[in-house]
Amino acid sequence: MNNRKLIVALLEFISYHIFPISFLFTHSLNNYSINFYLLVMVAMIAFYKEYVRTLKPNFYFNGLYSVCFFILAFISYRTLNINVIILVFVQLVFLYLTKYISKRYQILETLIDNFIIPSFTSIAIAYTYAHFISVNFVVPLLLVNIATILIAYFEGETADFIQLITLAGLTLILFLLGYINIITAVTIVIFVIAATLLKEFRHISFSNLVYRLIGNILLLI
């Protein structure tokens, strides 16, 4: 069980990097040097999210974990932008807060786990290596993370279909506004339709992490 959690944490870590790194290379924005401090910080987020949090850590452990993060941040202040350090640490704080979210507001925890943390961690990675953030990077990333949430929680209800139609309409609007290209737009729509059809009629479904990995890989097309 613990080994499985570690593997999931590794996949979570990889999911944050797939689109940012590929985007930077395909647009010749990478300086070809790895920032190991950022690497460890992001690993701390993935490890806490998929492994440590399942062990129900207490306040004191979270404090110790934060101290380790701050020590790493202090060591890295010359090579990492302070805004990136703050942005990454905020994701860790969000993970701490999920412990106190009532089951009545589970949608909030879902948004934190599957949208906010993956999106903004990837943005921090991209900014570190490119030194700026492009709208053409942010929009597809946010769109895929929204799509994967809708797929993961699709149950075949009327409201679910309305949400998917809305997402398709949003994708079309973003294409018309020039924020994404036609290939990206079509790829996302096909991905959402195929995944929901498999879930509805073949009862084939996966976790949000798997959908996120697939979605980020598809963005590379």
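## Points about the packing of aromatic side chains
So, step 1. All chains considered together, the criterion is met by 14 aromatic pairs.
So, step 2. Plain terms: the ring middles of Phe 23 and Phe 137 are 5.2 Å apart, the flat faces sit at 65° to each other, and that makes the pair edge-to-face. One end of the pair, Phe 23, is in helix H1 (residues 2-26); the other, Phe 137, is in helix H6 (residues 135-152), with 114 residues separating them in the sequence.
So, step 3. The exposure class assigned to Phe 137 is buried, which follows from its relative accessible area of 1%.
So, step 4. Among the aromatic residues, those joined into a cluster by ring pairs are Tyr 48, Phe 61, Tyr 65 and Tyr 96.

## Examining the packing of helix H5 (residues 106-130) against H6
So, step 1. Following both chains from N to C, one finds H5 and H6 inclined at 160°, their axes separated by 10 Å at the closest point. Between H5 and H6, the angle is such that the two are roughly antiparallel. The handedness of the crossing between H5 and H6 is right-handed. Seen from H5, the contacting residues are Thr 110, Leu 111, Asn 114, Phe 115, Pro 118, Ser 119, Ser 122, Ile 123 and Ala 126; seen from H6, they are Phe 137, Val 138, Leu 141, Leu 142, Asn 145, Ile 146 and Ile 149.
So, step 2. Taken together, the residues of the contact of H5 with H6 sort by class into eleven nonpolar, five polar and no charged.

## Focus on the nonpolar core
Nonpolar side chains in soluble globular proteins tend to end up buried together.
So, step 1. Grouped together as the largest cluster of nonpolar side chains are 31 residues, with contacts concentrated most on Tyr 16, Leu 38, Met 41, Tyr 48, Phe 69, Val 88 and Leu 92.
So, step 2. One finds Ile 123, Leu 164, Leu 167 and Ile 180 within the second-largest nonpolar core, a separate group that totals 26 residues.

## What about the layout of surface pockets?
So, step 1. By volume, the largest pocket amounts to about 780 Å³.
So, step 2. Around the largest pocket, the lining comprises 32 residues; the ones closest to its centre are Lys 49, Glu 50, Arg 53, Glu 109 and Asp 113.
So, step 3. Contributing elements (two or more residues each) for the lining of the largest pocket: H1, helix H2 (36-50), helix H4 (82-97), H5 and helix H9 (208-218).
So, step 4. For the lining of the largest pocket, a count of residues per class yields eleven nonpolar, nine polar and twelve charged.
So, step 5. The volume enclosed by the second largest pocket comes to roughly 280 Å³.
So, step 6. Lining of the second largest pocket is provided by 15 residues; of these, Phe 23, His 27, Asn 181, Thr 184 and Leu 219 occupy positions nearest its centre.
So, step 7. Of all the elements in the fold, those that place two or more residues in the lining of the second largest pocket are H1 and H6.
So, step 8. For the lining of the second largest pocket, the leading source of residues is H1, giving four residues.

## Some remarks on the environment of Tyr 77
So, step 1. Here Tyr 77 lies in the loop between helix H3 (59-75) and H4.
So, step 2. Along the backbone, Tyr 77 and Leu 39 are 38 residues apart, and their C-alpha atoms lie at a distance of 14 Å.
So, step 3. For Tyr 77, the side chain forms a polar contact with the side chain of Arg 78, separated by 3.3 Å.

Criteria and cut-off values
- Residues numbered from 1 in each chain as written.
- Predicted model: local features only at pLDDT ≥ 70, side-chain atom pairs only at ≥ 80, totals over all residues.
- Heavy atoms only, no water.
- Phe/Tyr/Trp six-rings, centres within 6.5 Å; stacked < 30°, edge-to-face > 60°.
- Helix = DSSP H or I, 4+ residues; strand = E, 2+ residues; numbered from the N terminus.
- Buried < 20%, exposed > 50% of the residue type's maximum accessible area, 1.4 Å probe, protein only.
- Axes fitted to C-alpha atoms, helices over the stretch in contact; angles between N-to-C directions.
- Parallel < 35°, antiparallel > 145°, perpendicular 65-115°, else oblique.
- Left-handed = near helix turned anticlockwise from the far one by under 90°.
- Contact = heavy atoms within 4.5 Å.
- Nonpolar A, V, L, I, M, F, W, Y, C, P; charged D, E, K, R; others polar.
- Core = buried A, V, L, I, M, F, W, Y, C linked by side-chain atoms within 4.5 Å.
- 1 Å grid on protein atoms, 1.4 Å probe; cavity = no way out; pocket = protein on both sides within 12 Å on 5 of 7 lines; lining within 4 Å.
- Points joined across faces, edges and corners; volume = space filled by probe spheres on them.
- Polar contact = N/O pair within 3.5 Å; in protein donor to acceptor, adjacent residues only side chain to side chain.

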